[in-house]
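Examining the three-dimensional arrangement
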Amino acid sequence: MEFKFAGSMTNQKTVLGHPSGLFVLFFTEMWERFSYYGMRAILVLFLTAAILDEGGWGWERSEALILYAWYTGLVYVTPIIGGYIADKFIGFRKAVVLGAVIMTLGHASMALEALTDSFFYVGLALIIIGNGLFKPNIGSIVGQLYKTQGKEKDAGYTIFYMGVNSGAFLGYVLCGYIGETIGWHYGFGLAGIFMLIGMLQFYFAQKIFGDIGTKTEAVNDKSEVTEKKDETSTSSNSPSQSKIRKDRLIVIGVFSFFTIFFWWAFEQAGGSMTIFAADYTNRTLVGNGAYIFKIVNTLLVTVPLLIITYVLYLLFKQIFAKFPLSNIFLGLSFVIIWGLVIWMLNRDFSSEVTEVKASWFGGLNSFFIIAFAPLFSKLWESKFNPTGPVKFAIGLILLGLGFAILSFGSMGIPLGAKTASVSIIFLILAYLFHTLGELCISPVGLSYVSKLAPLKLVGLMFGIWYVANFIANFAAGITGSYIDPIVDKYGMSTFFLIFTAIPVGAGLVMLALNKTLLKKMHGIR
């Protein structure tokens, strides 16, 4: 089967009903997310680990979380600059390759942190810069594979999003495991290896995209015509076109503002929640508990990997003859990943006592997204589909409930305690509720920005969205850095109640604003 798409190449063989090029992008993004989240999984753990016994830097928790705040915040600022550079100067494809190369150098530099501290900081800076070139532009190439703005494009982005979360899950599991058990620099280095392979398989398959991503594409003429028709068809009883645009921009601003509350709490995952997993959770399992975890963990890792390997096989069938070098690098990545997975699982099964790695919990978010995203997609297409503001409210409240579960589980921790043995079930349930909340916020918010923004302001509005994410991520790390004084004075349960009360309160406010926002959306649902 062949697929027609926008570009100099008029047809292309398909995989699962989509252009083969989509899956080149799928695997490129998958390995980039593997490297990004794999490194992030062990960042705070490495910084706070003891210098002599654990090979870390022995930082105070507050110091580690402040650095985490700057890092996770800045990765949402540089895409604004990277998108502009690609639009005006080098095109999407060159930006993706350049960004991947810079991030590979960043991970390599971090892997050499044992030689001198400077390598660590240089590595972080390179990853932030490279991410700015890579992140916004690979998604832009996905959109240009499709001629229409309809269901085909939505489905394509959904598949692409699955690649994002598959890579993030494997990164958390494997880089986290190797970093915590073998050595931190090995975890950082592994992240860099897959970043490099992802870049190479993309680079050697570029011709599959024709001229897509090589230059700035013109704005869709049909969309411009449609917008002009809207302007001329406004009746005397209807609000003016300028009023409609202004109202819709206000709605985007409100959505962006409320996402700050969501991501501020949600991004505790890589900071205070990782510390909670490492120091306050009973991660040592024996007997039946250890055996059940080993079985569950095996299924969690191997089932998604089997599915992705099957997709790899389908891609090989379609493009290996034309792009053998790209496919060889991609195949090599799967040989390595399967080898690591089998080694990890065998190592765990050979031990009677299992210690769940603190970084393992972070991967639950990506796994739950993969598991529940299709269900939410169906729900949004059904008659039960709530309005955008209601979805935001539900997402914020679900997030707060996740922290309420952690607060309840922490009630027995004494004031000022540095360690505890809370059951892992509380963290697992918290990540479940957080993910369900994310599915109501993240894809929904991006969709509404694209629908509500005037054509000439779409880029600017997404820039505002990124700025909101920067504020949220930075604030998340700074707030998390106060974990010790809050726990000392008020207790761990109170610390998590803060992240319960504020998102739930914001969700209730959003519910109250539902009718007002709907009016300002002027027919967009």
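See the structure shown above.
What comes next concerns the included structure. (Residues numbered from 1 in each chain as written. Predicted model: local features only at pLDDT ≥ 70, side-chain atom pairs only at ≥ 80, totals over all residues. Heavy atoms only, no water.)

Before going further, it helps to examine the overall build of the chain. Summing up its helical and strand segments, the chain has 19 helices and 4 strands in all. By the compact-globule yardstick of 24 Å for 525 residues, the chain fits well, its C-alpha radius of gyration being 23 Å. Overall, the chain is about 70 × 60 × 45 Å in size when its C-alpha atoms are taken along their principal axes. Across the 525 residues that make up the chain, the buried fraction comes to 55%. Put simply, the chain shows about 22300 Å² of open surface, and 66% of that area lies on carbon and sulfur atoms. Side-chain charges in the chain split into 38 positive and 30 negative, and the spacing between the mean points of these groups amounts to 12 Å. (Helix = DSSP H or I, 4+ residues; strand = E, 2+ residues; numbered from the N terminus. Rg over C-alpha atoms; globule rule 2.2 N^0.38 Å. Buried < 20%, exposed > 50% of the residue type's maximum accessible area, 1.4 Å probe, protein only. Areas by Shrake-Rupley, 256 points an atom, 1.4 Å probe, with all protein chains shown as cover. Lys, Arg positive; Asp, Glu negative; His and termini not counted. Charge placed at Lys NZ, Arg CZ, Asp CG, Glu CD.)

So, on to helix H3 (residues 61–74). When the terminal C-alpha atoms of H3 are compared, their 20 Å separation across 14 residues agrees well with the 20 Å that a helix rising 1.5 Å per residue should span. Regarding H3, the residues found buried are Arg-61, Ala-64, Leu-65, Leu-67, Tyr-68, Ala-69, Tyr-71, Thr-72 and Gly-73. (Expected span 1.5 Å × (residues − 1).)

Glancing now at unusual backbone geometry. Residue His-522 is not a glycine yet carries a positive backbone phi of 50 degrees. Of note, His-522 is situated in the segment after helix H19 (514–521).

Across the interface, H3 lies against helix H5 (residues 117–144) with an axial gap of 9 Å and an inter-helix angle of 25 degrees. The pairing of H3 with H5 is recorded here as roughly parallel in orientation. As for how H3 packs across H5, the hand of that crossing is right-handed. Counted together, Leu-67, Tyr-71 and Leu-74 of H3 and Phe-120, Leu-124, Ile-127 and Ile-128 of H5 form the full contact between these two elements. The residue makeup of the contact of H3 with H5, split by class, is 7 nonpolar, no polar and no charged. (Axes fitted to C-alpha atoms, helices over the stretch in contact; angles between N-to-C directions. Parallel < 35°, antiparallel > 145°, perpendicular 65-115°, else oblique. Left-handed = near helix turned anticlockwise from the far one by under 90°. Contact = heavy atoms within 4.5 Å. Nonpolar A, V, L, I, M, F, W, Y, C, P; charged D, E, K, R; others polar.)

Turning to the packing of helix H1 (residues 20–48) against helix H12 (residues 324–349), a few remarks are in order. At their nearest, the axes of H1 and H12 sit 12 Å apart, and the two run at 40 degrees to each other. In terms of orientation, H1 lies oblique with respect to H12. Where H1 crosses over H12, the two elements pack in a sense that is left-handed. For the pair formed by H1 and H12, the contact residues are Phe-27, Met-30, Trp-31 and Phe-34 on the first element and Leu-330, Ser-333, Phe-334 and Ile-337 on the second. The residue inventory of the contact of H1 with H12, partitioned by class, reads 7 nonpolar, 1 polar and no charged.

Let us look at empty space enclosed by the protein. Under the definition given, this model contains 3 cavities of 30 Å³ or more. As a volume, the largest cavity reaches approximately 110 Å³. For the largest cavity, the lining is made up of 13 residues, of which Tyr-177, Asn-297, Asp-348, Lys-357 and Trp-360 are closest to its centre. Breaking the lining of the largest cavity down by element, the ones donating at least two residues are helix H6 (151–181), helix H11 (287–319), H12 and strand S4 (354–355). Here the lining of the largest cavity takes 3 residues from H6, the largest share from any one element. Looking at side-chain class alone, the lining of the largest cavity contains 7 nonpolar, 3 polar and 3 charged residues. There is about 60 Å³ of room inside the second largest cavity. Around the second largest cavity, the lining residues are Arg-33, Tyr-36, Tyr-37, Arg-40, Val-75, Tyr-76, Asn-131, Lys-135, Glu-267 and Asn-473. Contributing elements (two or more residues each) for the lining of the second largest cavity: H1 and H5. A total of 4 residues in the lining of the second largest cavity trace back to one element, the largest contributor, which is H1. Looking at side-chain class alone, the lining of the second largest cavity contains 4 nonpolar, 2 polar and 4 charged residues. (1 Å grid on protein atoms, 1.4 Å probe; cavity = no way out; pocket = protein on both sides within 12 Å on 5 of 7 lines; lining within 4 Å. Points joined across faces, edges and corners; volume = space filled by probe spheres on them.)

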